[in-house]
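These are the residues of each chain, in order.
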Amino acid sequence: MKKEEKNNGISLFSQSDYLIDKDPIEEIFALNLGDFVAENLISEDLAKKIGASVKDKKAGLINQLKELISIYSMHNTLCVLSFENLEKQAIFTSIAESVKQMLEVEACHIYLEKDGNLEIQGTTSNAVEHYLIDENSAAGKAFLSRETVFADVIAVPMHCNINSLGVIIVENNSEKEINEKYIELVESIAVLFATSITLQKTIDETNRLIADEHSTVSDLQHIRAELTALIGDLCDYQQSFVQNLANAVDTKGGYKVAHSKNTANLARKICKQLGLNEKTTDLIYYAGLLQNIGKIALPEKIFTSTGKLSSDEIKKIQEHSNVGVHFLMNINFLSEVVPYITYQKEKYDGTGEPEGLKGQSIPFGSRIIAAADAYCAMTSDRPYRKAMPLEKALDIMKSEAGTKWDPVVVNALSEAVNK
């Protein structure tokens, strides 16, 4: 996000006609609304609705709180890892299973703080029922320090800016050390999860205050400040999670360079070459960053093997984009990139997958990231081959324009890489 754009978003609501009163607290809230608009968290129309002036200050605050609650809820936040069941234990177990699968480790356990102890909430195997919150265990140390502890297990703290909630324990019984990128991914999951839980508790408290006829304007303003801060934090952590997930995908895929980021950057250059607007360019950039996201659920040996893959392994690789789409459908601010990911394997002549779309019927974003991904893949080293010379890769892309790739996109790619 460019600085001037953010400033425009802030100035839209600073000293705004939509404020309840012209007091400092309301001005701060207006600035938060400006940030929300600038970061594309909410629309300008919704921001105006949230800030709309009413005669009764308490009634106005209640209306604002109801609108803010409608933006984020337990379903929207905790479904970031594609949970199908919102029952408490199912959520914790789903996270533990997701982490175990992504990292290919022995087990994963999730503990939450309760009455001075860390109590087990979700696990992929047998685990210690609880830990005391002290320095005598990796779990206790991680909780108290808010830093990841490496011992006989890896303990990742679940915390947000307001408080600490628990710990994710990873058991790795193999001699192979877990890659740093995977640890960063678990850390981003832990912070995202903790912020989601805290936000939900704040939403519950907000609903209680709304229903309480004796709640004061001060009470409502205080909870509104907490709510807006948590929503802003959550969106930052969602984006951090996606970035770390893309980095982990590249690591698992065996890329010696940041393939996802390179693809995304090239896609952005193509968009600019084509004169696309900034919002569309940003969405396509994220699609390029995340288009291989499904690989995180596949065994690393598939990508590091130099031998012939089994039919089952080939099938898993072919289906990985579907896994990625499933992830993306549950990440709020990225939902618009789902079509670009879904149809990235379509071919311009209609012989691709999953639906055999042809030419202009393929989403433009899909056509751009498909070409960018292919060029970046050909010009990068892989475990089973060396990188192709840039000119040769470009010649191949041009020879396949009109069959695999959109000729307009290939022409823009050529111009972009030759600048």
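Preceding block: the structure.
Because the structure is a prediction, the values reported are computed rather than measured. (Residues numbered from 1 in each chain as written. Predicted model: local features only at pLDDT ≥ 70, side-chain atom pairs only at ≥ 80, totals over all residues. Heavy atoms only, no water.)

Draft legend 1. Layout of the overall build of the protein. From N to C terminus, the protein includes 18 helices and 6 strands. Residue burial in the protein is summarised as follows: out of 419 residues, 50% are buried. (Helix = DSSP H or I, 4+ residues; strand = E, 2+ residues; numbered from the N terminus. Buried < 20%, exposed > 50% of the residue type's maximum accessible area, 1.4 Å probe, protein only.)

Draft legend 2. How the structure looks around the sheet that holds strand E4 (residues 149-150). As summarised here, the arrangement of the 6 strands in space is E3-E2-E1-E6-E5-E4, forming an open sheet in which the pairing is antiparallel. At either end of the open sheet lies a strand with only one pairing partner, and these are strand E3 (130-132) and E4. Examined bridge by bridge, strand E1 (residues 107-114) and strand E6 (residues 164-171) share 6 bridges and lie antiparallel to one another. Across the sheet, the residue bridging to cysteine 108 is valine 170, located in E6. (Pairing = 2+ DSSP bridges.)

Draft legend 3. View of the nonpolar core. If you look at the biggest cluster of nonpolar residues, it comprises 57 residues, and the most contacted ones within it are Leu103 and Ile168. Elements with a minimum of two residues in this core: helix H4 (57-71), helix H6 (88-103), E1, strand E5 (154-159), E6, helix H8 (180-211), helix H9 (217-252) and helix H11 (278-290). Counting residues per element, this core draws most heavily on H8, at 15 residues. Those residues in contact with isoleucine 168, other than ones at most four positions away along the chain, are Cys108, His109, Ile110, Ile154, Ala155, Val156, Met158, Val186 and Ala190. Formed by 27 residues, the second largest nonpolar core is a distinct cluster that contains Ala287, Val337, Ala374 and Cys376. (Core = buried A, V, L, I, M, F, W, Y, C linked by side-chain atoms within 4.5 Å. Contact = heavy atoms within 4.5 Å.)

Draft legend 4. Inspection of H8 at higher detail. Here H8 contains 32 residues, and its C-alpha end-to-end distance of 47 Å stays within 8% of the 46 Å for a straight helix at 1.5 Å per residue. For H8, the N-terminal capping position is held by asparagine 179, with its side-chain oxygen 2.8 Å away from the main-chain nitrogen of lysine 181. (Expected span 1.5 Å × (residues − 1). Polar contact = N/O pair within 3.5 Å; in protein donor to acceptor, adjacent residues only side chain to side chain.)

Draft legend 5. Local environment of the packing of aromatic side chains. One pass over the full model with this rule turns up 3 aromatic pairs. Pairing tyrosine 111 with tyrosine 131 gives two aromatic rings, centres 5.2 Å apart and planes at 65°, and the pair type is edge-to-face. Here tyrosine 131 lies in strand E3 and tyrosine 111 lies in strand E1, a separation of 20 residues in the sequence. Ring centres 5.8 Å apart and planes at 65° place the aromatic pair tyrosine 285 and tyrosine 286 in the edge-to-face group. One residue, arginine 268, lies across the ring of tyrosine 285, its end atom 3.9 Å from the ring centre. (Phe/Tyr/Trp six-rings, centres within 6.5 Å; stacked < 30°, edge-to-face > 60°. Lys NZ or Arg CZ within 6 Å of the ring centre and 35° of its normal.)

Draft legend 6. Representation of unusual backbone geometry in the model. Glutamate 353 connects to proline 354 through a cis peptide bond whose omega is 5°. Inspection of the secondary structure puts proline 354 in the loop between helix H15 (338-342) and helix H16 (364-378). Here aspartate 115, not a glycine, exhibits a phi torsion of approximately 55°, which is positive. Tracing the backbone shows aspartate 115 in the loop between E1 and strand E2 (117-123).

Draft legend 7. Local environment of the pattern of salt bridges. This model, assessed by the stated rule, comprises 4 salt bridges. Between arginine 208 and glutamate 205 there is a salt bridge, and its shortest N-O distance comes to 2.6 Å. Placement of both arginine 208 and glutamate 205 in helix H8 is noted, with a separation of 3 residues, approximately one turn of the helix. Classification of arginine 208 by relative accessible area gives partly exposed; the value is 44%. (Salt bridge = Lys/Arg side-chain N within 4 Å of Asp/Glu carboxyl O.)

Draft legend 8. Seen up close, the pairing of E2. For E2, a buried count of 5 out of 7 residues is recorded, marking the element as mostly surrounded by other parts of the structure. Bridge analysis of E1 against E2 gives 6 bridges, and the strand direction is antiparallel. Bridging across to E2, tyrosine 111 finds its partner in isoleucine 120. Two strands pair when backbone bridges link them, and E2 and E3 are joined in this way by 3 bridges, in the antiparallel orientation. For glutamate 119, the partnering residue across the bridge sits in E3 and is histidine 130. Once E2 ends, the chain turns through 6 residues before running back antiparallel as E3.

Draft legend 9. Just the packing of helix H10 (residues 259-274) against H11, in detail. At a closest axis distance of 7 Å, the pairing of H10 and H11 adopts a crossing angle of 155°. Taken together, the axis directions place H10 and H11 in an arrangement best described as roughly antiparallel. Here H10 and H11 pass one another in a crossing that is right-handed. Of the residues in H11, those in contact with Ser260, Lys261, Thr263, Ala264, Asn265, Ala267, Arg268 and Cys271 of H10 are Thr281, Asp282, Ile284, Tyr285, Gly288 and Leu289. Classifying every residue of the contact of H10 with H11 gives 6 nonpolar, 5 polar and 3 charged. (Axes fitted to C-alpha atoms, helices over the stretch in contact; angles between N-to-C directions. Parallel < 35°, antiparallel > 145°, perpendicular 65-115°, else oblique. Left-handed = near helix turned anticlockwise from the far one by under 90°. Nonpolar A, V, L, I, M, F, W, Y, C, P; charged D, E, K, R; others polar.)

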